Amino acid sequence: MPEVRLSEVSKSFGRIEAIHHFDLEIKSGEYICVLGPTGSGKTTLLRLIAGLICPDDGKITFDGKLVNDLSPEERDIAYFPQQYALFPHLNVLENVAFGPKTRGVAYEEAKTQALKVLETVKLDQRANAFPRELSGGMQQRVALARALASGAKLLLLDEPLGALDARLRVELRYHIKSLVKSAGLTAIHVTHDQREAMIVADRIVVLRMGKVEQVGTPYHIYQSPATLFVANFVGETNFLEGTIKSVNSVGALVELQDGFRVKVQETSYLSGEEVVLAIRQELTSLMPVDYDGENAIQGEVKAVRFLGDSIRVEVILVNNLLISARIPISQVKIYPKVKDKVAISFKPADVFVFCTTARGLAKEIEVI
Amino acid sequence: MSNLSSTKNTIEKILRPLDRLSANPNARRVTYAVALIFFVSMILIPPIIGVVLKWNLIGDTLQNPILVARAESAILASFAIASIVSILDLIAGLPTAWFIVRRKAKWINVVDTLADIPFVIPTVALGFSILVFWSQPQGISGLLRIESLISPGLGLIMLLHFAFSYPIIVRIMVGELQSYDQVYEIAGRTLGASSLTAARTITLPILKPALVSAFLLAFCRSLSETGATAVVAGAFENGPIFIRNALSSVPPQQGPMVLVSLVLIVTSCAIFAFISILGPRLRFPVKKVWPNFEKRLSNPKSTLGRDGLALIVFAIFVAIPSLFVALPGIIAFTDGTVVAAFTGAGVWGVYWGSLLTSYVVALAATLMNLLVGFPMAVIITRRKFGTQVTALLNALISIPITIPSVALGVSLSLFWTAFGNLPELWTLILVHTTITYTYFVQAMAAAIESVPEELESVARTLGAHPFETFRKILIPLTKYSIFSGAIMVLTRSVDETGATTAVLAATSQIKTAPVLLVNWIRNPASVGGQSVVGLGVLFLVLTTFISLLVIRLVLRRER
């Protein structure tokens, strides 16, 4: 299985810089998810690795071999676009046999190989059907079978679940991962769905405006977001701006708007520095209004949203900041109502602290 | 079955080296460069350079005020006719297109089919049909017991041009209205707009690019038409007829011919560029809404009245006059002319020879287009030379259909005589290739555009070389369009009269069927009367009709 390495790769389209000095190393057999909002350069990155476009600068290597000048057919890869791109004039079997045939396998042998792979995706009974006769889920499985049958070692998946309905998407993401892992392939999976990335990826690459924001395991990305953007894009987060008032060996005291003070378990900042606090919504607690524990701020319920497995309560704090708390449904004892007086609280250890930047918080977390 | 399989394997083996060669980027660059060089050197430059080479001949003509005045009025007449007819076509054709798309009844398919008749009939035959209907005793004049309701001349030219440009407008607008998402109109209606207001303020502005291109195509078509115009022109001269007269005088008057050709080429290109650039920026003049008045005009009675009027105009000025082409032919079946035709007696030997020439030239031009037009279509749709070059190529590719065909023929004839001294038949094939190139490339570009590029990308990543992707993915997915595009080119070439007249000298031994028929129609006595002419025209119509029938069947299969 190839080890893929991108070093200082850049690609522009006219004045638009789609990928900017991009570095990434993907280990053999790894399942990588490239996560980013629309326009962040995910598809460009995939097309660069596929050889469908050439980088303006930088190197792409497979197992140490430079592939910048190799055409797509010489790279031993399988590209899986969002709409699957099943060849409409070929039936399922011919679609799946296309890869082996073009790589020189004899016609009958290619068909046998294709049938075997179709069995693994449970579509051998539909071998003679044409793509237009299949459901979206079946088409997705055919595309996967075609990629697997091609003998490619590197699978490039461009939003492979994007065209499916929500229920099917949930089912098929496990299926893709298990097939890829059982075939021992290296996979690069592009998506804008953070939940999908969290579930399938060995490692996640968070991309924004053609640049890497953070690379790490799903757990690492979630637990230790490197930037405000990652904190916002991965998970649901509250942001509060403030100033460090004092620092000691166990943490710091941060003053928010209107003089409210909260404790954080962060010691690397200096007194007087302006910071942004990020607190996960699910780590923010909703308490009775008279609660006087650590980091408790009083406020009034503005809205309550029922999410099935949890509720999200939006609270306007007395200092006019808006903060949301996500509470698992099993922990909801009294269903909050709009205009209820409540207190919001969070643990100092659950607060991520970031420096403020000249661009401002809104720009830093902007998803576009 | 095994024979078929072994043949396939053999073909595969032969094509494998080409597949591998295509993996080399330089080989691909050379292929596209050849297509581009062919376009520039054989299609784009000759029509422009040809007349410029004979620039020196214009001097003498300009010294002759009578000739200059004649040329001036002919050119003005051409542009006036094209402008008026295109506007009238737009006014009459848009309601018909609307009616065809929006009304739900099976009999509307008949209207849809009838609207294509002027397309099906070669223009020379259409000219003959219109001449018979409006001017001759077998037509409406006989019914009204007058000698000639409308004599050959300006009026008849306008009626002819209206009839053959009408289907261009209807076809384009039907296509656009079918693919138009009515959700915008529905949104407008739910916000309180009447159907007329919604159509006028929402749908038509959205369809503006289609309206502009429909107008442009009708305009160019009218400006270019020569053969049928010669049939109905009488003593009247517009640009193409002026050139035709200059060509057929003995000796040919090259100076006036070059002068008018040059002016037509330059002016038509300028107008085309002007409308292409300014058309999309054009705003619909009336933004005001008259709710009550427009509501009244949207009620079922008014709508019925509008549709009825559109259908009456269509029937009187397009459908019935066009169908009259069959009448003299049918008479020929009853008076024995048909026997002479099939035995090849008398003038019929020359006729069948000319029909054969027409098809030989058309086949050769089609083949040339397949070889060099297809790569050009790939260059344009897949932006092989970048976005800006593609936009430029897209504009340049329209030049051959922008220039009036007789002027194009004059220029090409002068160019190929000066540079190649080619035999007439070869020059004719090159001229027909130039004239049909735009149609073929645009049809192929539309077909390739409909194939998602992702299919080719996936095939490449699955191991297919570029040429392999081309023949295993692109060709199978566009094969019906290629075939119908080829037949369209064939039909257009067989139908061509203006440029062919310019290439073939009056004394030439080579004649194509339309050129021969123009002479027959203008002088029926020389070939044995109206029934001989009628049958000759009918045979030409039948061959074209068969070709177009094949296109319809092929396209139906594709769907």
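Here's a quick rundown of the structure.

### So, the overall build of chain A
Next up, step 1: For chain A, the count of helices and strands is 9 helices and 20 strands.
Next up, step 2: Based on the C-alpha atoms only, the size of chain A along its principal axes is roughly 75 × 45 × 35 Å.
Next up, step 3: Taking all 368 residues of chain A together, the buried fraction comes to 49%.
Next up, step 4: Counted over contacts in chain A with a minimum sequence separation of 6, partners at least 24 positions apart contribute 65%.
Next up, step 5: Surface exposure of chain A reaches about 16800 Å², of which carbon and sulfur atoms provide 51%.
Next up, step 6: One way to put it: in chain A the 43 positive side-chain charges average out to a point 3 Å from where the 45 negative ones average out.

### With respect to the overall build of chain B
Next up, step 1: Across its full length, chain B holds 29 helices and 0 strands.
Next up, step 2: On C-alpha atoms alone, chain B measures out to a radius of gyration of 25 Å, which is about the 24 Å that the 2.2 N^0.38 rule sets for 559 residues.
Next up, step 3: Along the longest, intermediate and shortest principal axes, the C-alpha atoms of chain B span 75 × 70 × 55 Å.
Next up, step 4: Here the analysis covers contacts within chain B between residues at least 6 apart in sequence; of these, 81% occur between residues at least 24 apart.
Next up, step 5: Of the roughly 25100 Å² of accessible surface on chain B, a fraction of 68% belongs to carbon and sulfur atoms.
Next up, step 6: For chain B, the distance from the average site of its 41 positive side-chain charges to the average site of its 25 negative ones is 6 Å.

### Focus on the interface of chain A and chain B
Next up, step 1: Tallying the contact residues gives 22 residues for chain A and 19 residues for chain B.
Next up, step 2: When chain A packs against chain B, the two sides together hide about 1800 Å² of surface, and 67% of this comes from carbon and sulfur.
Next up, step 3: Together, E73(A), H89(A) and T102(A) form the three largest contributors to the area buried by chain A at its contact with chain B, with a combined 33%.
Next up, step 4: Where chain A touches chain B, the interface holds 2 salt bridges.
Next up, step 5: A salt bridge links E454(B) to R47(A), with the nearest nitrogen and oxygen atoms 3.8 Å apart.
Next up, step 6: Applying the counting criterion to the chain A and chain B interface returns 6 residue pairs in polar contact (both at pLDDT 80 or more).
Next up, step 7: Elements that contribute at least two residues to the side of chain A that touches chain B include exactly α1 (42-50), β6 (77-80) and α2 (92-102) of chain A.
Next up, step 8: Residue classes in the side of chain A that touches chain B are distributed as 12 nonpolar, 5 polar and 5 charged.

### Some details on the sheet that holds strand β15 (residues 285-288) of chain A
Where strands meet in a sheet, backbone hydrogen bonds hold them as pairs that are either parallel or antiparallel.
All names here are of chain A.
Next up, step 1: Overall, antiparallel pairing links the 5 strands, which are arranged β15-β19-β16-β17-β18 in an open sheet. With one partner strand each, in any of the chains shown, β15 and β18 (322-328) form the two edges of the open sheet. Across this sheet, the average inter-strand angle for adjacent strands is 45°, counted without regard to direction.

### Here's the deal with the pattern of salt bridges
Next up, step 1: With the rule as written, the count across this model stands at 27 salt bridges over all chains.
Next up, step 2: One salt bridge connects K181(A) with D202(A), and the closest N-O pair in it is separated by 2.6 Å. Of this pair, K181(A) sits in helix α5 (residues 166-183) while D202(A) is found in the loop between α6 (194-200) and β9 (203-208), placing the two residues 21 residues apart along the sequence.
Next up, step 3: Residue classification places K181(A) among the partly exposed residues on the basis of a relative accessible area of 34%.
Next up, step 4: On the basis of relative accessibility, which here comes to 26%, the residue D202(A) falls in the partly exposed class.
Next up, step 5: Measuring nitrogen to oxygen at the nearest pair gives 2.8 Å for the salt bridge that ties D112(B) to R171(B). Highlighted residues: D112(B) in helix α5 (residues 108-114) and R171(B) in helix α9 (residues 154-179), separated in sequence by 59 residues.
Next up, step 6: Each member of the salt-bridge network shares a partner with another, and the members are E236(A), D309(A), R312(A) and R326(A).

### With respect to the side chain of R492(B)
Residue and element names in this part refer to chain B.
Next up, step 1: By the element assignment, R492 lies in helix α26 (residues 466-495).
Next up, step 2: Of the buried charged residues, R492 lacks a salt bridge, with E496 as the closest side chain of opposite charge at 4.5 Å.
Next up, step 3: Within the local environment of R492, its side chain forms a polar contact with the side chain of Y439, the two groups lying 3.5 Å apart.

### Observations concerning the packing of aromatic side chains
Next up, step 1: Evaluated as defined, the whole model comprises 27 aromatic pairs over all chains.
Next up, step 2: Look at F99(B) and W107(B): their rings are 5.7 Å apart centre to centre, the planes differ by 55°, and that puts the pair in the tilted class.
Next up, step 3: Taking relative accessible area as the criterion, F99(B) reaches 5% and is therefore assigned buried.
Next up, step 4: Between W134(B) and F317(B), the ring centres sit 6.0 Å apart and the planes meet at 25°, which makes this aromatic pair stacked. Highlighted residues: W134(B) in helix α7 (residues 123-135) and F317(B) in helix α17 (residues 300-323), separated in sequence by 183 residues.
Next up, step 5: Three or more aromatic residues joined by ring pairs form one cluster here, namely F133(B), W134(B), F162(B), Y166(B), F314(B), F317(B) and F324(B).
Next up, step 6: Above the face of the F87(A) ring, R146(A) is positioned so that its terminal group lies 4.7 Å from the ring centre.
Next up, step 7: Of note, R102(B) hangs over the ring of W98(B), and the distance from its end group to the ring centre comes to 4.6 Å.

### Things to note about the state of the cysteines
Residues and elements named next belong to chain B.
Next up, step 1: Scanning the model with the defined rule gives 0 disulfides over all chains in all.
Next up, step 2: C220 takes part in no disulfide bond, and the closest cysteine sulfur to it belongs to C269, at a distance of 9.0 Å.
Next up, step 3: With a relative accessible area of 5%, C220 lands in the buried category.

### Structural notes on the side chain of D89(B)
Residues and elements named next belong to chain B.
Next up, step 1: With respect to the helices and strands, the residue D89 is situated in helix α4 (residues 65-102).
Next up, step 2: Comment: no salt bridge for buried D89; closest opposite-charge side chain is R221, at 10 Å.
Next up, step 3: Among the polar contacts listed, one links the side chain of D89 to the backbone nitrogen of Y166, at a separation of 3.4 Å.
Next up, step 4: Discounting residues that sit within four places of it in the chain, D89 has contacts with L94, H161, F162, S165, Y166 and I169.

### A closer look at a nonpolar patch on the surface
All names here are of chain B.
Next up, step 1: The grouping of V40, I45, I48, I49, V52, L53 and F419 at the surface amounts to a nonpolar patch, some 550 Å² of accessible area in total.
Next up, step 2: A total of 6 residues in the nonpolar patch trace back to one element, the largest contributor, which is helix α2 (residues 25-53).
Next up, step 3: Counting through the fold element by element, I49 comes out in helix α2.
Next up, step 4: Using a relative accessible area of 31% as the deciding quantity, one classes I49 as partly exposed.

### Regarding the sheet that holds strand β10 (residues 211-216) of chain A
All names here are of chain A.
Next up, step 1: If you trace the 6 strands from one edge of the open sheet to the other, you get β6-β7-β8-β3-β9-β10, paired in mixed fashion. At either margin of the open sheet sits one strand with a lone partner, and together these are β6 and β10. Pairs of neighbouring strands in the sheet enclose a mean axial angle of 15°, with direction left out of account.
Next up, step 2: Lying over the sheet, helix α4 (residues 136-149) contacts β6 and β7 (154-158), oriented at roughly 165° with respect to β6.

### Points about unusual backbone geometry
All names here are of chain A.
Next up, step 1: In this model, D63 sits at a positive phi of 50°, which is unusual for a non-glycine residue.
Next up, step 2: Relative to the assigned elements, D63 resides in the loop between β4 (57-62) and β5 (65-66).
Next up, step 3: A positive phi angle is found at A85, which is not glycine, with a value near 50°.
Next up, step 4: Among the structural elements, A85 can be located in the loop between β6 and α2.

The rules behind each value
Residues numbered from 1 in each chain as written. Chains lettered and ligands numbered in written order. Predicted model: local features only at pLDDT ≥ 70, side-chain atom pairs only at ≥ 80, totals over all residues. Heavy atoms only, no water. Helix = DSSP H or I, 4+ residues; strand = E, 2+ residues; numbered from the N terminus. Buried < 20%, exposed > 50% of the residue type's maximum accessible area, 1.4 Å probe, protein only. Contact = heavy atoms within 4.5 Å. Areas by Shrake-Rupley, 256 points an atom, 1.4 Å probe, with all protein chains shown as cover. Lys, Arg positive; Asp, Glu negative; His and termini not counted. Charge placed at Lys NZ, Arg CZ, Asp CG, Glu CD. Rg over C-alpha atoms; globule rule 2.2 N^0.38 Å. Buried area = accessible area lost by both parts, 1.4 Å probe. Salt bridge = Lys/Arg side-chain N within 4 Å of Asp/Glu carboxyl O. Polar contact = N/O pair within 3.5 Å; in protein donor to acceptor, adjacent residues only side chain to side chain. Nonpolar A, V, L, I, M, F, W, Y, C, P; charged D, E, K, R; others polar. Pairing = 2+ DSSP bridges. Axes fitted to C-alpha atoms, helices over the stretch in contact; angles between N-to-C directions. Phe/Tyr/Trp six-rings, centres within 6.5 Å; stacked < 30°, edge-to-face > 60°. Lys NZ or Arg CZ within 6 Å of the ring centre and 35° of its normal. Disulfide = S-S within 2.5 Å. Patch = residues over 30% accessible without salt bridge, like charges linked within 9 Å, V, L, I, M, F, W, Y side chains within 5 Å.

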